[in-house]
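Summary of structural features
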Amino acid sequence: MKKSILIGIAGGTGSGKTTVAKALSAQFGKSEVALLEQDSYYKDLVHLPFSDREKVNFDHPDAVDFEEMKIQLKSLLNGSPIDVPIYDYSTHTRSGESRKIGRHHIIILDGILVLLDPELRDMMDIKLYVETA
């Protein structure tokens, strides 16, 4: 049985997703809310030459490890702590470090593609799409 609430916030680049996520977090307090970013789950491209890594479209679903994201979110929703990967944007690889996140009442997942995967969407209690003109 799920012990936390998952809120998914999607929208285009620069639409204000992170601003909405931070505003929600501020309303409840950091002890109640864990913020997770889709960017943490970019696939590790260490196996590619750097010149090829630079050509990857990070706005495409193939750039994101949705399976790992879902496994970690399921654990977190059930009260188990997780180690969120830290992505190094300068090298387009995972840094090898992680950020531990423990149990929180509310989990906010922020990213342009977080509403794409049906299984991930079904895990969410609240889904927001931010669009600005």
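Below is a summary of the structure that appears in this document. (Residues numbered from 1 in each chain as written. Predicted model: local features only at pLDDT ≥ 70, side-chain atom pairs only at ≥ 80, totals over all residues. Heavy atoms only, no water.)

**Here's the deal with the overall build of the chain**
When its secondary structure is counted, the chain shows 4 helices and 6 strands. Start at the N end of the chain and walk to the C end: the helices and strands fall as β-α-β-α-α-β-β-β-α-β. A globule of 133 residues ought to have a C-alpha radius of gyration of about 14 Å, and the chain, at 15 Å, matches this closely. Referenced to the eigenvectors of the C-alpha coordinate spread, the extents of the chain come out at roughly 40 × 40 × 25 Å. Every one of the 133 residues in the chain was classed for burial, and the buried ones make up 38%. Within the chain, counting contacts between residues at least 6 apart in sequence, those at least 24 apart form 73% of the total. As displayed, the chain offers around 7,400 Å² of accessible surface, 54% of which is attributable to carbon and sulfur atoms. Computing the positive centroid from 16 side-chain charges and the negative centroid from 20, the chain places the two 5 Å apart. (Helix = DSSP H or I, 4+ residues; strand = E, 2+ residues; numbered from the N terminus. Rg over C-alpha atoms; globule rule 2.2 N^0.38 Å. Buried < 20%, exposed > 50% of the residue type's maximum accessible area, 1.4 Å probe, protein only. Contact = heavy atoms within 4.5 Å. Areas by Shrake-Rupley, 256 points an atom, 1.4 Å probe, with all protein chains shown as cover. Lys, Arg positive; Asp, Glu negative; His and termini not counted. Charge placed at Lys NZ, Arg CZ, Asp CG, Glu CD.)

**What to know about the nonpolar core**
Nonpolar side chains in soluble globular proteins tend to be buried together. Within the largest apolar cluster, 26 residues are counted, with the highest numbers of intra-cluster contacts made by L6, L36, M69, L73, L109 and L120. Listed by contribution, the elements that provide at least two residues to this core are β1 (5-11), β2 (33-37), α3 (66-77), β3 (82-88), β5 (106-110) and α4 (118-123). The greatest single-element share of this core, amounting to 5 residues, is contributed by α3. L36 has contacts with Y41, L73, L76, I82, V84, R99, I101, I107, I108, L109 and D110, leaving out every residue within four places of it along the chain. Formed by 7 residues, the second largest nonpolar core is a distinct cluster that contains I7, A21, I106 and V130. (Core = buried A, V, L, I, M, F, W, Y, C linked by side-chain atoms within 4.5 Å.)

**Observations regarding the sheet that holds β1**
Taking strand neighbours across the sheet as the criterion, the 4 strands line up as β2-β5-β1-β6 in an open arrangement whose pairing is parallel. With one partner strand each, in any of the chains shown, β2 and β6 (126-130) form the two edges of the open sheet. Direction aside, the axes of adjacent strands within the sheet are offset by 20° on average. Sheet topology places β1 next to β5; 5 bridges connect them, and they run parallel. Its bridge partner lying in β5, G8 is registered against L109. Together, β1, β2, β5 and β6 form the strand contacts of helix α1 (residues 17-28), whose direction differs from that of β5 by roughly 170°. (Pairing = 2+ DSSP bridges. Axes fitted to C-alpha atoms, helices over the stretch in contact; angles between N-to-C directions.)

**A short note on the packing of aromatic side chains**
Counting across every chain of the model gives 4 aromatic pairs. With centroids separated by 6.3 Å and ring planes inclined at 65°, the aromatic side chains of F58 and Y87 adopt a geometry described as edge-to-face. In this pair, F58 sits in the loop between α2 (50-53) and α3 while Y87 sits in strand β3, placing the two residues 29 residues apart along the sequence. (Phe/Tyr/Trp six-rings, centres within 6.5 Å; stacked < 30°, edge-to-face > 60°.)

**Brief notes about the pairing of β3**
Across 6 bridges, the pairing between β3 and strand β4 (residues 93-101) is antiparallel. Among the inter-strand pairings, I82 is bridged to a residue of β4, identified as I101.

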